[in-house]
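Letter by letter, the chains look like this.
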Amino acid sequence: MRMAMLSPIQRRRLTNFRRNRRGYWSLWAFILLFGLSLIAELIANDSPLLVSYQGTLYAPVVQSIPEDTFGGFLPTETDYRDPFIQEQIEADGWMLWPPIRFSYNTINYQLEVPSPAPPSAENWLGTDDQGRDVAARVIYGFRISVLFGLTLTFFSCIVGVAVGAIQGFYGGKIDLVGQRFLEVWSGLPVLYLLIILSSVVQPNFWWLLGIMLLFSWMGLVDVVRAEFLRARNFEYVRAARALGLSNRLIMFRHILPNAMVATLTFLPFILSGAITGLTSLDFLGFGLPSGSPSLGELIAQGKANLHAPWLGVSAFVSLALMLTLLVFIGEAVRDAFDPRKN
Amino acid sequence: MSALLEITDLSIAFDGHTKVVDQLSLSLNPAETLALVGESGSGKSVSALSILRLLDERHVRYPSGAIRFEGEDLLRVPEKRLRQLRGRRISMIFQEPMTSLNPLHTVEKQIGETLALHKGLRGPQARQRCIELLDLVGIAEPETRLSSYPHQLSGGQKQRVMIAMALANEPDILIADEPTTALDVTVQKQVLELLAELQRKFKMAVLLITHDLSIVRRYADRVAVLERGVLVEQGETGVLFTQPQHPYTRRLLGAEPPAAPPESPAASEQPLLQVEGLNVHFVTGKTLLGRTKSTFHAVQDVSFSLPRGQTLGIVGESGSGKTTIGHALLKLTPSQGAVQIAGERLDQLDQRAFRPYRQRIQIVFQDPFGSLSPRMSISQIIGEGLEIHHPGPPQDHEAKVVQALQDVGLDPEARHRYPHEFSGGQRQRIAIARALVLQPEIIVLDEPTSALDRTVQIQVIELLRDLQQRYGLSYLFISHDLAVVRALSHKLLVLRRGQVVECGDAGRVFSAPQSPYTRELLSAALFYQNTSHKKPNQLP
C-alpha cells in the first residue's frame, strides 16, 4: 500500500537505500536510540513516572507537586529520592520508577564510596566526580548532541548550498568576490573566535548553534559551486532555458539535483563534525552551560579521573557509536540518490 | 597468400553480461583494407581493441577463439610480448583526436615516445624522424609544429599527428577505429586519401572500422558486416555492395536519406522568421582591469528569412558559427541584429520579456545524451515547459505529454521511465517531443541526427518530415551532414567562418552552387556517393 503511493523514482531510491544493508540497519538502530533519547525523561529521571498516594494518582514527570502533598514539611517541589518522602508514599500507595532513577543533574547523595563511583546495580555506568549518574548523562548527552548536530547541519546546508549555488550559477564577479570572502572567512581561527565569543556571551544551545553556523556552512560551498559551474553549461540546462524556465527554477530543478549527491556525501561529515565540534567545546569548558549533560564534559571528567575508566569509556563508546551509525546512514543515503545505481 | 592476421571463433564478454562479440572469424591479408562495419553497439570497436588486448583485462573475458598474428596467438602471449608488438607491428588510430593525444605533451614528445620505445631513437635522430613523419602525413612546416601542444592544432591536424604516431615504426597492420568520424567532411576526405596513399607506400594491411558505408565503398577491398556481435556477411566490396545477401546488410545499404524535402505550402508574403544583420561576438581576452582586449567574431552580419511550414538548412564546417546562430535566436547567447517572428521584434527584449515567445520557438540539441536531465522522468522532462507556458491541472499536462509521445512514435507508457533507459534515437525523439508539446511555430534543430546511426538518422528525418507536414512547422535545420540537410531543407544557407557564403533555394544550391567554397563542400560530401566501386588504391 505504502509502495503504491510513491513515485517510481522514490520507490527506486527506497530500494537502493534498503539494498545497503549496513546503512539500512544503522538507520533503524539510530532511530531507535534517538527515539529512546527523545523520551529520556521516561527512562532516566529522579521523579517516578506514576505515584499513587491516598488513592490519588500523580504523574510527577509532567506535573510539579509540592512536598506537603505527601506529608512533607515544605510547600516546594517534592524530592522523591528523599527516603522520608519515599517512606511516606510507600506507606499509603505506590510509586512507578523509570529504569534509571536519576536525571542528568541528580546527585546521588547515598553513595557508599566516594565519587566517582564505579558501576553498580544502582548506577549502571557508575557516577561522575560530582556523584551524578553516568548512564543518565549519556542518554541526555546523546540527545542534545544529535539535536545540535541535526539543527546545525540543516542550517549549514541551507546557507552553504545557497551560497555555492549563487556563486556557481552566476559566476563572474559574484563568484570572484564570494571566493575571496570565503578565503578570508575560512582563514579566521575558528576555535579562538568561539572561545572569545563564548566568554562574551553566556553560551547556551542556540548561541553555540549560531556561532558554529558562522563557520560550518563553508564546507559545502566548494562542492556545490563546482557542481553548478560544471552543470550550468550542460545541454539540458540550456534546453531548460530554451523552454523558458526562470533562473531560480533552473537552479532548483536541473542543477541542484546534480549537486545533491555531493551535498549528501558531505552531510555525514558535517553532522559528525558538528557533534565533535560541540563535544570539543564542552571538553574545553566553553560549550554548554555547566551542569548540562554533555559528552564533551564527560570526556573531560574521564581525563581528569583516569582512575575511573567508566567515565572515559562510556563517553567514547557512545560518541563512536553515534558517529559510526551516522556515517553508515549517510553512505546509504548517497547510494539511494545515485541515479546510475539500479 | 597466407593471412597476416587470423581471427577464429573469437567471443568477447564483459563480466556478468552476455557476449558482445560471438564467434567472430576474420582474416586480414598483407596490404589489403578490410572494413568492419555495423551500427553502434555492434561490437566493431571491441573486436578491434581485443586484437591488441587493449580492453580492460579485469572485466573482459574471451570465452573462445584465437587471434593469430603470424601464427602467434595474441590472446595467450604474455603482456611483455604484446608490448613489443603494440605500436611496432600493429598500430592503432583512435576515433577522437581531441582526447587521444595527451594535452600536456608536445607533438615531438608524443611521436618521439614510440620511436624511443621501439627503435631506441633519441635526440637529433628522433627529431629528424619526427619531421619526416609529420611531412609524410602532410603537416605544413613540420619543424615549427614539433613544439606545438595538441590544443594548438586543428582536429584534422591532430588526427594527422595520430597517424604519424601510428606509422612511426612502419607497422604491418594499422587498425583505424572510426578515424574520421569526428572530422569535417573536407578534412575527412583529405585524411582518408592520405591513409590510402600511405597504405600503398608502406604496403600495410588496414583494418578500417567505420559506420559510414560511403567510405567503405571507396577504400575497402573487403567488407565484414557485424550485427550485435555476430558476423552476418563478408565479401569483396564490389560484390557485397551490389549483391548484399543478408537482410541486415541490405538494410544498412538501403539507409539513404531521401534526396529532396517534401512539398511545402506556398510561401506566404510575410516570412515567419526574419533575421537581419545578426552579429555575435565572444570576448576571448580581458585586460587586468576587465576591459575587453580581444574578441572573436563568431557570426558576422548574417541575414535570412524562414517562411511558415518550410525548412532552412544551415550548413558549414565546425567553427563556422551555425550553432551560435541557433543559440542567438533563442537568446541563449547575447547577439546584435534584428530578429522578427511574424513581424514582432524580439531582439530588444530582455530574458523576462522574451519568455512568452519561447513557446513559439523551440530547440532540439545535438547530443541526445546530454540534453535530457538524467534525474527527471520523461514525463517531467516533456511536461516542464507546459508548467511555464500553460499552467493548468496535471491531468491536462499528462494528456498533452501522452499526445506528444505518440506524435514522435514512442509508447506513452515510456513517460514513467528515465532517459538512461533509452537509446540515442529514442532520446532524440523525446527531445523532439519536449519541443513539440508546446506547439511551437519554429523548431531550431541543432545537428539533431549527427550523434545517431545512419538507419536511426533516417527514422528521425522521416519523423521530422512527417511532423512538419502534420503541424505546419518551420524548421531551422543546422547540420554539417549534407545528405541529411538535402532531405529536409527547402532553403539553404552556407556559412564559413561566421559569414554567409551562399544562400538560396536548396535545390538550386545543390545543383548549381555559385561560390567556390560551396562547390568544395559539396564535392567533399558527395564525393563517395558518386564514385564507383572501383578501387583507387589497387596495387599496381
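Scroll up a little and you will see the structure.
Remember, predicted model here, so these are calculated numbers, not experimental data.

To continue, consider the sheet that holds strand β8 (residues 205-210) of chain B. Residue and element names in this part refer to chain B. Here we have six strands laid out as an open sheet, ordered β6-β7-β8-β3-β9-β10, and mixed in their pairing. Both edges of this open sheet fall to β6 (90-93) and β10 (230-236), since each of them pairs with a single strand only. Within this sheet the neighbouring strands show an average axis-to-axis angle of 15 degrees, counted without direction. One ladder, built from five bridges, connects strand β3 (residues 33-37) with β8; its direction is parallel. Its bridge partner lying in β8, Ala 35 is registered against Leu 208.

Let us now look at the side chain of B:Asp481. All names here are of chain B. You can see Asp 481 is positioned in the loop between β18 (474-479) and α18 (482-488). Within the structure, Asp 481 has its side chain in polar contact with the side chain of Arg 454 (distance 3.0 Å). Dropping the residues within four chain positions of it, Asp 481 is found in contact with Arg 454 and Gln 457.

The next thing to look at is the pattern of salt bridges. Applying the stated rule across the entire model yields 36 salt bridges over all chains. Through salt bridges with shared partners, a single network forms among A:Asp128, A:Arg132, A:Arg137 and A:Glu297.

Taken residue by residue, the interface counts 27 residues in chain B and 23 residues in chain A. Summed over both partners, the interface of chain B with chain A buries about 2,200 Å², with 58% contributed by carbon and sulfur atoms. The largest contributions to the chain B side of the interface with chain A come from B:Arg375, B:Glu384 and B:Tyr418, which together make up 30% of the buried area. At the boundary of chain B and chain A, one finds two salt bridges. With a shortest N-O distance of 3.1 Å, A:Arg253 and B:Glu387 are connected by a salt bridge. Taken together, the connections running from chain B to chain A amount to nine residue pairs in polar contact (both at pLDDT 80 or more).

Attention now moves to helix α11 (residues 247-254) of chain B. Residues and elements named next belong to chain B. Regarding α11, the residues found buried are Tyr 248, Thr 249 and Leu 252. The buried residues of α11 occupy an angular sector of 100 degrees when the element is viewed end-on, so they sit on one face. Facing away from the buried side of α11, by more than 90 degrees, are the exposed residues Pro 247 and Gly 254. For α11, the elements touching its buried residues are α9 (213-219), β9 (222-227), β10, α10 (237-242) and α17 (454-471).

Residue and element names in this part refer to chain B. Look at helix α7 (residues 155-167) against helix α8 (residues 185-202): their axes get within 10 Å of each other, and the N-to-C directions meet at 15 degrees. Between α7 and α8, the interaxial angle falls into the category roughly parallel. In terms of crossing hand, the pair formed by α7 and α8 is right-handed. Here α7 contributes Gly 156, Gln 159, Arg 160, Ile 163 and Leu 167 to the contact with α8, which in turn contributes Val 187, Gln 190, Val 191, Leu 194, Leu 195, Leu 198 and Phe 202. Looking at the contact of α7 with α8 residue by residue, the class counts come to eight nonpolar, three polar and one charged.

The next point concerns the packing of helix α4 (residues 107-119) of chain B against α7(B). All names here are of chain B. Their axes nearest at 8 Å, the elements α4 and α7 cross at an angle of 25 degrees. Judged by the inter-axis angle, α4 sits roughly parallel to α7. Judged by the twist between their axes, the crossing of α4 over α7 is right-handed. Of the residues in α7, those in contact with Val 107, Gln 110, Ile 111 and Thr 114 of α4 are Val 161, Ala 164 and Met 165. Along the lines of polarity and charge, the residues of the contact of α4 with α7 split into five nonpolar, two polar and no charged.

Our next topic: the pairing of strand β20 (residues 499-505) of chain B. Residues and elements named next belong to chain B. Across six bridges, the pairing between strand β19 (residues 491-496) and β20 is antiparallel. Within the sheet, the bridge partner assigned to Leu 493 lies in β20 and is Cys 503. Between β19 and β20, which pair antiparallel one after the other, the connecting turn spans two residues, and Arg 497 there sits at a positive phi close to 50 degrees.

All names here are of chain A. One can find Asp 282 in helix α12 (residues 247-284). Of the side chains with opposite charge, Arg 137 lies nearest to the buried Asp 282, which makes no salt bridge, at 8.6 Å. At 2.8 Å, the side chain of Asp 282 and the backbone nitrogen of Leu 288 are in polar contact. Asp 282 has contacts with Gly 287, Leu 288, Ser 294, Gly 296 and Glu 297, leaving out every residue within four places of it along the chain.

Below, the discussion takes up the nonpolar core. Counting 68 residues, the largest nonpolar core has A:Phe228, B:Ile382, B:Val408, B:Ile432, B:Ile443, B:Leu464 and B:Leu467 as its most contacted members. Not counting residues within four places of it along the chain, the set of residues in contact with B:Leu464 comprises B:Ile432, B:Leu445, B:Tyr475, B:Phe477 and B:Leu488. Grouped together as the second largest cluster of nonpolar side chains are 38 residues, B:Leu101, B:Ile131, B:Ala168 and B:Ile215 included.

About the criteria used
- Residues numbered from 1 in each chain as written.
- Chains lettered and ligands numbered in written order.
- Predicted model: local features only at pLDDT ≥ 70, side-chain atom pairs only at ≥ 80, totals over all residues.
- Heavy atoms only, no water.
- Pairing = 2+ DSSP bridges.
- Helix = DSSP H or I, 4+ residues; strand = E, 2+ residues; numbered from the N terminus.
- Axes fitted to C-alpha atoms, helices over the stretch in contact; angles between N-to-C directions.
- Polar contact = N/O pair within 3.5 Å; in protein donor to acceptor, adjacent residues only side chain to side chain.
- Contact = heavy atoms within 4.5 Å.
- Salt bridge = Lys/Arg side-chain N within 4 Å of Asp/Glu carboxyl O.
- Buried area = accessible area lost by both parts, 1.4 Å probe.
- Buried < 20%, exposed > 50% of the residue type's maximum accessible area, 1.4 Å probe, protein only.
- Arc of directions from axis to C-beta.
- Parallel < 35°, antiparallel > 145°, perpendicular 65-115°, else oblique.
- Left-handed = near helix turned anticlockwise from the far one by under 90°.
- Nonpolar A, V, L, I, M, F, W, Y, C, P; charged D, E, K, R; others polar.
- Lys, Arg positive; Asp, Glu negative; His and termini not counted.
- Core = buried A, V, L, I, M, F, W, Y, C linked by side-chain atoms within 4.5 Å.

Everything listed is a geometric property; what it means functionally is a separate question.
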